[in-house]
Amino acid sequence: PRRPAFQRSCRAAFALGLLTGARISEIANMTTAQIQDNLWTIPRSKTLHGERTIPLNSLAQDVIASLTPDPDGFLLSRRDDDWSTQATRYSMALARTLKKAGAASQETMHSTRSTFRTLVPRYASSPEGTIDMLMGHAPPKHVAAAYYRASLDDCITLMRAYTPSIRLD
C-alpha cells in the first residue's frame, strides 16, 4: 500500500542527507525544537563530536518548510517512537528507492554523507576541519588541527555557498 506521507519523508530525508551531511538517525529524529534561526542543533548521537550545530542553507530550509511536523514536533513521518527503528525504516526504504532508480547496489542513505563530503569543497573553500565539524567527526589528529578548530561562522559561510541541485519529485 502507498503511504504518501512516508514517501515524502523519505525524499526529504535523502535531500537533507545530501544538504547537511547528517546521519540518517539524526535526520529521522529531527524535531522542530532543534531548529532555531536556520541552525539545526543536533543532540549527541553516535559520538561525542556528534553533538553539533549545522547551518541550514536555503535548500535545506525549503525541504524542512515543506514538511508537516507531527504533534510531538518530529519533522518526518513516524511509525515508531524508537529512534533506532525509525532510522532503520528510513534507511531500508531509501535503499529500495535507490535500487529502483538504478543506483549501484552499494549506494545507501549513508552514501549521502560521502557525497556531502565530496561536494561541499567544490562550492567554497573553508578552514581545515570545517566539514568534519559539520559531519560530527572527530577533528584530525595532526598538528594543524590542534591549533585551529572551525567555528560556527566558518560553517555558516561554507553552508551558504553549498547549493547543489536537488529534485524531490
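To be clear, the structure that these remarks concern was listed above.
A brief report on the enclosed structure follows. (Residues numbered from 1 in each chain as written. Predicted model: local features only at pLDDT ≥ 70, side-chain atom pairs only at ≥ 80, totals over all residues. Heavy atoms only, no water.)

**Side note on the overall build of the protein chain**
The condition that has to hold: Where helices and strands are cited, they refer to DSSP runs of H or I of at least four residues and of E of at least two residues respectively, numbered from the N terminus. Any residue under 20% of the maximum accessible area for its type is buried, any over 50% is exposed, and the rest in between are partly exposed; the area is computed with a 1.4 Å probe on protein chains only. Working rule for contacts: check all heavy atoms of both residues, and any pair within 4.5 Å makes them a contact. Surface exposure here means Shrake-Rupley accessible area, sampled with a 1.4 Å probe, where a residue is shielded only by the protein chains that are shown.
In terms of helices and strands, the protein chain carries eight helices and three strands. Counting helices and strands in the order they occur from the N terminus, the protein chain gives α-α-β-β-β-α-α-α-α-α-α. For the protein chain, the residues scored as buried account for 42% of the 169 residues in total. Across the protein chain, every contact between residues at least 6 apart in sequence was considered, and the portion connecting residues at least 24 apart equals 62%. With the model as given, the accessible surface of the protein chain reaches about 9,500 Å², and the carbon-plus-sulfur share is 53%.

**Things to note about the pattern of salt bridges**
Here is the rule we go by: A side-chain nitrogen of Lys or Arg and a carboxyl oxygen of Asp or Glu constitute a salt bridge if their distance falls within 4 Å.
Under the counting rule described, the total for this entry stands at three salt bridges. A salt bridge links Arg52 to Glu26; its shortest N-O distance comes to 2.8 Å. With Arg52 in strand E3 (residues 52-55) and Glu26 in helix H2 (residues 24-28), this pair connects stretches of sequence that are 26 residues apart. No difference in accessibility class separates Arg52 from Glu26, as the two residues are buried. The residue Arg117 makes a salt bridge to Asp132 at a minimum N-O spacing of 2.3 Å. Here Arg117 is found in helix H5 (residues 111-123), whereas its partner Asp132 is found in helix H6 (residues 130-135), with 15 residues between them in sequence.

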